[in-house]
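A structural walkthrough
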Amino acid sequence: MRAAELFRSRFGGEPDGVWLAPGRANLMGEHTDYNDGYVLPFALGQGVSAAAARRAGPGSPGSPGSPGSRRLTLCSRQEPAAPVQVALDQLAPGQVTGWAAYPAGVAWALEAAGHPVPGACIAIDSDLPAGAGLSSSAALECATALALTELALTELALTELALTEKAAAVPRRELAAIARRAENEFVGVPTGIMDQSASLLCRSGHALLLDCLSLETSQVPFDPAAAGASLLLINTRAKHDLADGEYGERRAECEQAARLLGIPSLRYLTNPADLDRLADPVLRRRARHVITDDQRVLDVVTLLSSPPADAYREIGRLLTQSHVSLRDDFEISWPEADRAVEAALAAGAFGARMIGGGFGGSVLALVPATAGVPVRAAITEAFGRSGWRRPEFLDAAPSDSARRLVPAP
Ligand code: GLA
C-alpha cells in the first residue's frame, strides 16, 4: 500500500480511498485495435495505484469551498519532483506535460463527457516497469478515472444531493473511452482502445476478446497453469515510447491502405486475395499483418474455447507466427525481442512474440511449466552474449481489472 504511504507523507491525513488499475499483456491481435479488428488481452497482477482524497468536504485536505478546491495536486513515487498543481477550470490539451498529463487528461475528458470532477489530492505508485510495453500509461489513466468518478459520488452523497443519472458510477466501457480520449487528445498519442479496455474490463482467469468495431466483449477462459503451462513476460529493457512517432506512422499507413482499397478500415478486408490490389509492397505487408493477426485472434479463441489436447502448443505456434508477422510485415520488432523469441523457442517454449506498440518493451512467451527455468537462462545468456543489459522476467497470470482496494468494497 505504498500509494497510501506516499499520500500521508505528501499531503498529511488519510486518503478517502485507494484504487488499483492493472497493466496488460496482449495474447493476440497487435495493431489491430485501431483497424477496427480483434484483440485478446489479459490483465496483469501488477499495476498503478492511486490514493486520493477530495479537496472540499469534511476530513479532506484543503478547506471546503476554498479558492484552491477546484484543483488537482498530483504526486508520484516514480517521479520525485514536487507535486504538480492542475487548475481544473483552465484545463486544455497541451497545457500539462510529462507524466501528469495522463491524470490531468482524464479529468479533462471526464468533464468534457459531462461527469463532475472534484478537486482532489492524488498520490500515485506503480509496480509496472515504465516503458516496458505493459500499458503503464493506460493503468495510470484508469486508476485516476476510477478514483475521480468514485470521489465525485462520495462528494455528492456527502452534500446530500440526490444522485442524478450523471452522478451514478460511470459504466466501465464509457470510462475506457474517456481514458482513451485523454491519451489521444490531451496527451497527443494516437493509441487504440485495447489498453484502457483491458485495464477496466478483464477478469481473473480469462482473456478479454474485444471486437474493436462493435466494442462487444466476451470473457474467454484462459488458465495456462491448469494446463501445465506458464506465461513469461520478458522486459527486454529496450525502452519503447509510443509518443515517438513510429506508432502514428504505422497507423497512418493502415489508414492509407484502407483508403486505397475503398473500405472504411482494414477490418473490412476479409479476402486475403484483395491484398494484391495494393500496388505498394509496404502497404501490402502492413495490411497483411493486420488481417492475419485478426484471424489469429479468432483462432486462439477457438483453441481456448474447446481446447484440443495440444491447445497450448498450437497457441504457441500462433504466437510465434504473430511475431514473424510483426517483425517482417509490420516491421516494428527490435533486436532484443527477436533474440528473446529465438532463445525462448530453442529452450523449449511453445511460442513467443513481442507485445504492444513495438520498437521496444516486452516479449510474451508461452512455456511448458517445466521449461520456465531453462527458458529464462537461455534468454539471459543470449542477452549477455550480445552485450545487452540483463532482461527482467515477470510471471504473468490473467488477473482482475481495476478496482477499489481501500476502503474494501
Ligand atoms: C499500444 C496501444 C494500443 C495498441 C497496441 C498495439 O499498446 O496503446 O492501443 O494499438 O499498442 O497493438
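Residues numbered from 1 in each chain as written. Predicted model: local features only at pLDDT ≥ 70, side-chain atom pairs only at ≥ 80, totals over all residues. Heavy atoms only, no water.

1. What to know about the overall build of the chain
The criterion, for reference: Per the convention used, a helix needs a DSSP run of H or I reaching at least four residues, while a strand needs a run of E reaching at least two, with both numbered from the N terminus. Taken over C-alpha atoms, the radius of gyration is set against a globule rule of 2.2 Å times the number of residues to the power 0.38. For every residue, the accessible area obtained with a 1.4 Å probe (protein chains only) is divided by the maximum for its type, and the residue is called buried under 20%, exposed over 50%, and partly exposed between those limits. Per-residue accessibility takes into account occlusion by the displayed protein chains alone, with areas from the Shrake-Rupley method and a 1.4 Å probe. Charged-residue counts in this description rest on Lys and Arg as positive and Asp and Glu as negative, His and the chain ends being excluded. In this description, the location of a charge corresponds to atom NZ of lysine, CZ of arginine, CG of aspartate or CD of glutamate.
Looking only at helices and strands, one finds 10 helices and 13 strands in the chain. Over its C-alpha atoms the chain spans a radius of gyration of 22 Å, differing by no more than 12% from the 22 Å that the globule rule assigns to 409 residues. Principal-axis analysis of the C-alpha atoms places the extent of the chain at approximately 65 × 50 × 40 Å. Burial status across the chain gives 56% buried among its 409 residues. Taken as a whole, the chain presents about 16,300 Å² of accessible surface, with 52% of it coming from carbon and sulfur. Once the 38 positive and 47 negative side-chain charges of the chain are each reduced to a mean point, those two points are 3 Å apart.

2. Describing the site of the ligand
Here is the rule: We call a residue near a molecule or strand whenever a single non-hydrogen atom of that residue lies within 4 Å of it. Counting of polar contacts relies on pairs of N or O atoms within 3.5 Å, with two restrictions inside protein: one atom must be capable of donating a hydrogen and the other of accepting it, and residues adjacent in sequence are counted only when both atoms are side-chain atoms. Three classes are used: nonpolar for Ala, Val, Leu, Ile, Met, Phe, Trp, Tyr, Cys and Pro, charged for Asp, Glu, Lys and Arg, and polar for all others, with Gly counted as polar. What marks off one domain from the next here is an automatic or database domain assignment.
Lining the immediate environment of the ligand, one finds 13 residues, of which E30, H31, D33, D195 and Y247 sit closest. In this structure, an oxygen atom belonging to the ligand sits 2.7 Å away from a side-chain N or O atom of E30. Taking 300 Å² as the accessible area of the ligand by itself, protein coverage stands at 98%. Residue composition of the shell around the ligand, by class: 4 nonpolar, 5 polar and 4 charged. Split by domain, the shell around the ligand shows at least three residues from each of two domains, domain 1 (2-209) and domain 2 (222-396).

3. Description of the sheet that holds strand 8 (residues 217-221)
Heads up, the condition is: Two strands pair if DSSP finds at least two bridges between them. Residues count as neighbours in contact if any of their non-hydrogen atoms are within 4.5 Å of one another. Angles run from 0 to 180 degrees between N-to-C directions of axes, and those axes are lines fitted to C-alpha atoms, restricted for helices to the stretch in contact.
In spatial order, the strands read 2-7-8; together these 3 strands make up an open sheet with antiparallel pairing. The strands lining the two open edges of the sheet, one partner per strand, are strand 2 (38-39) and strand 8. Two elements, strand 7 (residues 206-211) and strand 8, share 5 bridges in a ladder whose sense is antiparallel. By the bridge assignment, L209 is partnered in strand 8 with S218. Taken strand by strand, helix 5 (residues 194-201) contacts strand 2, strand 7 and strand 8, and its axis lies near 135° from that of strand 7.

4. Observations regarding the environment of Q321
Mapped onto the secondary structure, Q321 falls in helix 8 (residues 311-328). Counting along the chain gives 55 residues from Q321 to L266, while the straight-line C-alpha distance between them is 20 Å.

5. So, the pairing of strand 10 (residues 351-354)
Where burial is concerned, the two faces of strand 10 agree: the one with G351 and R353 and the one with A352 and M354 are both buried. Sheet analysis places strand 10 next to strand 11 (residues 362-368), joined by 4 bridges and oriented antiparallel. The partner of G351 across the bridge, within strand 11, is L366.

6. Overview of the domain arrangement of the chain
We count it as follows: Buried area is a sum: the accessible area each of two parts loses on coming together, probed at 1.4 Å, counted once for each and added. By salt bridge we mean one thing: a side-chain nitrogen of Lys or Arg within 4 Å of a carboxyl oxygen of Asp or Glu.
In terms of domain boundaries, the chain breaks down into domain 1 (2-209) and domain 2 (222-396). Each of domain 1 and domain 2 has a C-alpha centre, and these two points are 29 Å apart. The interface of domain 1 with domain 2 comprises 36 residues on the first partner and 45 residues on the second. Of the roughly 3,300 Å² buried between domain 1 and domain 2, counting both surfaces, carbon and sulfur atoms make up 66%. Here R353 ties to E30 by a salt bridge, and the two come within 2.8 Å at their closest N and O atoms. Between domain 1 and domain 2 we count 17 residue pairs in polar contact (both at pLDDT 80 or more) in total. Elements with a contribution of two residues or more to the side of domain 1 that touches domain 2: strand 1 (17-26), strand 2, strand 3 (41-54), helix 4 (172-187) and strand 7. A per-class count over the side of domain 1 that touches domain 2 returns 17 nonpolar, 13 polar and 6 charged.

7. Side note on the packing of helix 7 (residues 281-305) against helix 8
We count it as follows: Oblique is the label for any angle not covered by the other classes, which are roughly parallel (under 35 degrees), roughly antiparallel (over 145) and roughly perpendicular (65 to 115).
One can describe the packing of helix 7 onto helix 8 by two numbers: an axis separation of 10 Å at closest approach and a directional angle of 170°. It follows that helix 7 is roughly antiparallel to helix 8 by the angle criterion. Contacts between helix 7 and helix 8 involve R285, H289, T292, D293, R296, D299, V300, L303 and L304 from the former and A311, Y312, E314, I315, L318, Q321, S322, S325, L326 and D328 from the latter. Split by residue class, the contact of helix 7 with helix 8 holds 8 nonpolar, 5 polar and 6 charged.

8. A word on unusual backbone geometry
Residues V406 and P407 are joined by a peptide bond in cis, for which omega reads -10°. By secondary structure assignment, the location of P407 is in the segment after strand 13 (403-406). In the Ramachandran plot, E331 falls in the positive-phi region, its phi being about 50° despite a non-glycine side chain. By secondary structure assignment, the location of E331 is in the loop between helix 8 and helix 9 (335-346).

9. Notes on the pairing of strand 6 (residues 120-126)
Among the 7 residues that make up strand 6, 7 are buried, leaving the element largely enclosed by the rest of the structure. Of the two faces of strand 6, the one lined by A120, I122, I124 and S126 and the one lined by C121, A123 and D125 are each fully buried. Across 5 bridges, strand 4 (residues 71-76) lies against strand 6 in parallel orientation. The residue bridging S76 from the neighbouring strand is I124, located in strand 6.

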